[in-house]
Amino acid sequence: MKPINSITGIAAPLLRNNVDTDAIIPSREIKKISKLGLADGLFAEWRYSSVQNRIPDQNFILNKDPFQKSVILLTGENFGCGSSREHAVWALQEWGIKAIIGKSFGSIFYNNCIRNGLLAITLEEKIISGLIKNVEENPSDNHIFIDLIKCSIQCCDKEIFFDIHEKDRSLLIEGLDEIEKVLIYKNNIDSFEADHKKIRPWL
Amino acid sequence: MGRTLFEKIWDKHVVESFDDGNDLIYIDRIFLHERTGSIALQNLHDRNIAVRNPKQVFATIDHIVDTIPGRDDETLMPSGKEFIKSLRSSAIRENINFFDLNTPEQGIGHVVSPEQGIALPGLTYICPDSHTCSLGALGTLAWGVGSSECEIALATNTLIKKKPKSIKVNVNGNVNDQVSAKDIVLYLISNYGANGADGSAVEFGGNVIDQMGIEARLTLCNMSVEFGAMTGIIQPDEKVFEYLRGKKYAPTLDQIQEAEKYWRKLKSDKDAEYSEIIDIDCDQVGTFVTWGTSPEHAIDLNEKIPSLNEIDDETKKDSAKKALEYMGLNEGETLMGKKIDAAFIGSCTNSRLSDLRIAASILKDKKVSNGVKAICVPGSSKVKKDAENEGLDEIFISAGFEWRESGCSMCFYAGGESFGLSERVISSTNRNFENRQGKSTRTHLASPATVAASAIKGTIAFPKDLKEDL
C-alpha cells in the first residue's frame, strides 16, 4: 500500500444515497480471482448504455468531460452499502478514484477503503453540496485538494476540516501492511489464545 | 456502569488495547466461501503466509455454484468453476474444514454454520460476506469483513478494531401468525433507514424475540446489515442451547455443561447503556413488501407507495424518484394486486426449514398462477434433505415450483442464471438493488409466506387473503 499525504484533482458529483457495492461493481463483472481487471466493470450498469457492447452512456457523470479524469467522488449517504465485496474498492482505485467524500459509508466498505489506501471522508451533506456547487461551476479548474496531514479539504479558496479516526489516518499515511503490524503482538496473541482455550475448551 | 451483551463478548476477546481507542480482538471462527474466500486464501499463499489455526476455519461452496439438479463444478457463470476449484485446492492445502459440493454439510454459509454448531454463543466470528451478522441470532459476535481483513484474521486470528456503539431494538406486543421476522425487520428499516444503525451493534430484545424460534431470529439478524449495522445480536437463551446440543461442531458431551454455564451468563446488564433505544410495537407491523431499490423502500401492503412530495430531503426524494422509474411504479399507488413474473424462495435470509414449511402450508393443494416462474432453493443440503423427509418437496413441485439444490442462487446475478429483463419478482431475499437479480429485474422483498401467496395469485398478495379466498 502506497503512503498517502495528499490527493488533488477533479471531483465528480454522484449525489445519490445508498449507492451499493452491486452498483459499484456488479457481481457478473467479477470474472477472475484477482484484484485486477475490475475497472472496466466499474458502475457497469450506469456507465454503459449497453453493458454487453460496452457503449458508454454519455449521461453518466464519469463519462462526461472532464469527469473521465476524476480522482475524487462526492456522494451522499451510505455509499458502499450492501455486499462486502472488496472488488468495489479495487475497481474504483483501478479506474482512478483516490478519495470519496460522502455523508456516510457502509461500514464494511469503509474498512475495505482504508485497508487499500482509498481515502473515505465523512462530511455533512450541506458541506458536500457546497463542494459540488464549486466543482460544477468550473470542473476543470476547481480542483479539490485533500491534505491528510492537516485533515483539510481546499477548494476555491475555502478550507474545510474533517475528522478521521487516527488509526485510519496513520494506516493511510504510513501505508503499512496490517498483517505485519499485528504480528508485532504475536507473543501477546499466543498467550491470550492459550488462556482463552484453556478456560473455554470447546473453542 | 453496566455493559451490553455485545460489550461483554468484545471485552472477553481483547488481546491488547491501544491508546487510539482501538483493540486487538481475538477471532474464534473464520468462515469462507468460493466468491471472496478464494482470493483471501490465494493472496496469503502468494505471500507465503500460512493459516494460523486451520481447525478454526471453515469453508463452503454457495455463491457461484449452480443450483440446478445434477450440478457439478461447471457453472452457468463463465469462469465460475475457477472460483470453486481455487477454494477447494486452497482448503485442502491449508487443511481447513471444507464442505465441498455433494457433501451433506454443503449449503449457504450462514445456514450451514448454525445447523452444524459452528457459530456458538459468546464467540467472535468473521466471514468475508456482509450477511455474517445473521449468526448474532445465537449470541455470536459475528460480522462481515472484506477479503483483506479476512486475510489478517486468517494469518493472526486477530483484527484491530474500534468497539462500535450499541443500539437496542425492543420488539414487544402480540405475536401475530401473519407477521414474520422478515416483516418486522423490513418495518424497522423502512422506519429508521438503510443506514439507521450507522455502523453500530444492534441488540434485539423484547417479548416477541423471546418467543421467536432460532430460524426466525436468524432472519432478523441477517438483515441487520441492511439497517446499516456492524452486526445484530440476541441474548442466547434455553432455545439456543437446546438447538445446539449434539451438533457436529458444538461442544462435546464432556464440555457441554461448562459451555452452557458460561453461555447463561451472556446477558446485557440492566443498567447497560445504549446510544439509542428503538421500541417496536409488533401490533403495528403488518405484511411488508419493498416497492423501491433500497430495503428502506418498504411499506405495509395495506398502505400506498409514498408520494414524492411527502419526502422532505431532496437527495432522498431523488433516490425515490429514480427507484420508482426503475421499478415501473408510480407514487401513491398500491403494491397489492401488482402482476408478478416470478417468485423466489431462497437465500441466507429465508431458506431454512421453517421458511419452507410456512411456504408449503400456503402452497399445499394449490397451483402457481399461469406464467409465473417459481423457484425454491433450500438454504443447505441438510435443509433440502429434511424438507424432502417431510414431503415438502412434493408440495412445492406439485404447486409448480422448481425444487433446487442448495446455494445462494438467484439472490444475485453473477453472470449465470438470472431473472429476465424488467421482470417483476417477489423474493424472500435481502436486497432489492438495481440489477441485483438480473438485468433491469424489479425485485420486491417479502417473507416466504408473502412470496408463496403471491406466486399462487400471480400478483402481490397478502398471505392471509389467500388462505381465506381460495
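Remember, it's a predicted structure, so these values are computed and weren't measured experimentally.

A.B. asks: Run through the overall build of chain B, naming residues and quoting values.
C.D. replies: When its secondary structure is counted, chain B shows 16 helices and 19 strands. Taking 470 residues into account, the globule formula puts the C-alpha radius of gyration at 23 Å, and chain B, at 21 Å, falls close to it. Across its three principal axes, chain B shows a C-alpha extent of roughly 55 × 50 × 45 Å. In chain B, buried positions account for 67% of the 470 residues. In chain B, of all internal contacts separated by at least 6 residues, the share reaching a separation of at least 24 is 75%. A total accessible area of about 15900 Å² is found for chain B, and carbon and sulfur atoms account for 45% of it. Both charge centroids of chain B, one from 54 positive and one from 69 negative side chains, sit 2 Å from each other.

A.B. asks: Just give me the short version of the sheet that holds strand S19 (residues 442–445) of chain B, but keep the residues and values in it.
C.D. replies: All names here are of chain B. Strand order in the open sheet formed by 5 strands is S17-S16-S15-S18-S19, and the pairing between neighbours is parallel. Here the strands that pair on one side only, and so sit at the sheet edges, are strand S17 (402–403) and S19. Sheet topology note: the strand S16 (residues 373–376)/S17 ladder contains 2 bridges and is parallel. Along S17, the bridge assignment pairs Ile375 with Glu402.

A.B. asks: Before we move on, could you go through the packing of helix H6 (residues 181–192) of chain B against helix H8 (residues 214–222) of chain B and cite the residues and values that matter?
C.D. replies: Residue and element names in this part refer to chain B. With their axes 8 Å apart at the nearest point, H6 and H8 run at an angle of 25° to one another. Classified by the interaxial angle, the pair formed by H6 and H8 is roughly parallel. For the pair H6 and H8, the sense of crossing is right-handed. Contact residues: H6 offers Ala181, Lys182, Ile184 and Val185, while H8 offers Ala216, Thr219 and Leu220. Within the contact of H6 with H8, the residues separate by chemical class into 5 nonpolar, 1 polar and 1 charged.

A.B. asks: Describe empty space enclosed by the protein, and please don't skip the residues or the numbers.
C.D. replies: Going through the model one piece at a time under the given rule, you end up with 5 cavities of 30 Å³ or more. Taken as a whole, the largest cavity encloses approximately 250 Å³ of empty space. Along the wall of the largest cavity there are 24 residues; nearest its centre are Ser83(A), His63(B), Asp129(B), Phe412(B) and Arg436(B). Each of domain 1 (5–263) and domain 2 (288–469) of chain B accounts for three or more of the residues forming the lining of the largest cavity.

A.B. asks: With reference to specific residues and values, describe the sheet that holds strand S10 (residues 158–161) of chain A.
C.D. replies: Residues and elements named next belong to chain A. Spatial ordering of the open sheet is given by S1-S8-S9-S10, a layout of 4 strands whose pairing is antiparallel. Edge positions in the sheet fall to strand S1 (6–9) and S10, since each of these pairs with one other strand and no more. Pairwise comparison of adjacent strand axes, ignoring direction, gives a mean angle of 15° for this sheet. For strand S8 (residues 144–147) and strand S9 (residues 152–155), the ladder comprises 3 bridges, and the chain directions are antiparallel. Pairing of Ile146 across the sheet is with Ile153, part of S9.

A.B. asks: Report on the interface of chain B and chain A, specifying residues and quantitative values.
C.D. replies: Facing 76 residues of chain B, the contacting portion of chain A comprises 57 residues. Interface area for chain B against chain A, summed over the two sides, is near 5500 Å², with a carbon-plus-sulfur share of 54%. Three residues stand out in chain B for area buried against chain A, namely Arg52(B), Ile160(B) and Thr315(B), and they jointly supply 10% of the buried area on that side. The tally of links between chain B and chain A comes to 8 salt bridges. Notably, a salt bridge pairs Arg52(B) with Glu193(A), separated by 2.8 Å at the nearest N-O pair. Counting across the chain B and chain A interface gives 29 residue pairs in polar contact (both at pLDDT 80 or more). Contributing elements (two or more residues each) for the side of chain B that touches chain A: strand S1 (14–17), strand S2 (22–26), helix H2 (37–46), helix H3 (80–94), helix H5 (147–156), strand S8 (158–162), helix H10 (253–263) and helix H11 (314–327) of chain B. Among the elements that take part in the side of chain B that touches chain A, H5(B) stands out by supplying 7 residues, more than any other. When its residues are assigned to classes, the side of chain B that touches chain A shows 27 nonpolar, 25 polar and 24 charged.

Scoring rules and cut-offs
All residue numbers refer to positions counted from 1 along the written sequence of the respective chain. Here the convention is simple: chains get letters from A, ligands get numbers from 1, in the order in which they are written. Predicted model: local features are reported for residues with pLDDT of at least 70 only, side-chain atom pairs are reported and counted for 80 or more only, and whole-chain, interface and lining totals are derived from all residues. Note that the side-chain values use all heavy atoms of the structure and ignore hydrogens as well as water. Going along the chain from the N terminus, every DSSP run of H or I of four or more residues is numbered as a helix, and every run of E of two or more is numbered as a strand. Here the globule rule is a power law, 2.2 Å times the number of residues to the power 0.38, and the radius of gyration is based on C-alpha atoms. Only protein chains enter the accessibility calculation, which uses a 1.4 Å probe; a residue is then buried when its area is under 20% of its type maximum, exposed when over 50%, and partly exposed in between. Here a residue-residue contact requires only that any non-hydrogen atoms of the pair lie within 4.5 Å. For the accessible areas, the method is Shrake-Rupley and the probe is 1.4 Å, while residue cover comes only from the protein chains on display. We score Asp and Glu as negative and Lys and Arg as positive, and we do not count His or the chain ends. Here the site of a charge means atom NZ of a Lys, CZ of an Arg, CG of an Asp or CD of a Glu. Strand pairing is assigned whenever DSSP identifies at least 2 bridges connecting the two strands. What counts as an axis is a line fitted to C-alpha atoms, over the stretch in contact for a helix, and the angles between N-to-C directions run from 0 to 180 degrees. Angle categories: roughly parallel below 35 degrees, roughly antiparallel above 145, roughly perpendicular from 65 to 115, and oblique for all the rest. Two helices crossing with the near one rotated counterclockwise from the far one by less than a right angle form a left-handed crossing, whereas a clockwise rotation gives a right-handed crossing. Put simply, Ala, Val, Leu, Ile, Met, Phe, Trp, Tyr, Cys and Pro go in the nonpolar bin, Asp, Glu, Lys and Arg in the charged bin, and everything else, Gly too, in the polar bin. Detection works on a 1 Å grid of protein atoms alone, calling trapped sets that fit a 1.4 Å probe cavities and calling open sets with protein on both sides within 12 Å along at least five of seven lines pockets, with lining residues defined by an atom within 4 Å of a point. Grid points are joined across faces, edges and corners, and a volume is the space filled by probe spheres set on the points. Each domain's extent is set by a domain assignment, obtained either automatically or from a database. When two parts are put together, the accessible area they lose, computed with a 1.4 Å probe and summed over both, is reported as buried area. When a carboxyl oxygen of Asp or Glu lies within 4 Å of a side-chain nitrogen of Lys or Arg, that pair is called a salt bridge. Polar contact is the term for a pair of N or O atoms within 3.5 Å; when the atoms are in protein, one must be able to donate a hydrogen and the other to accept it, and sequence-neighboring residues count only if both atoms are side-chain atoms.

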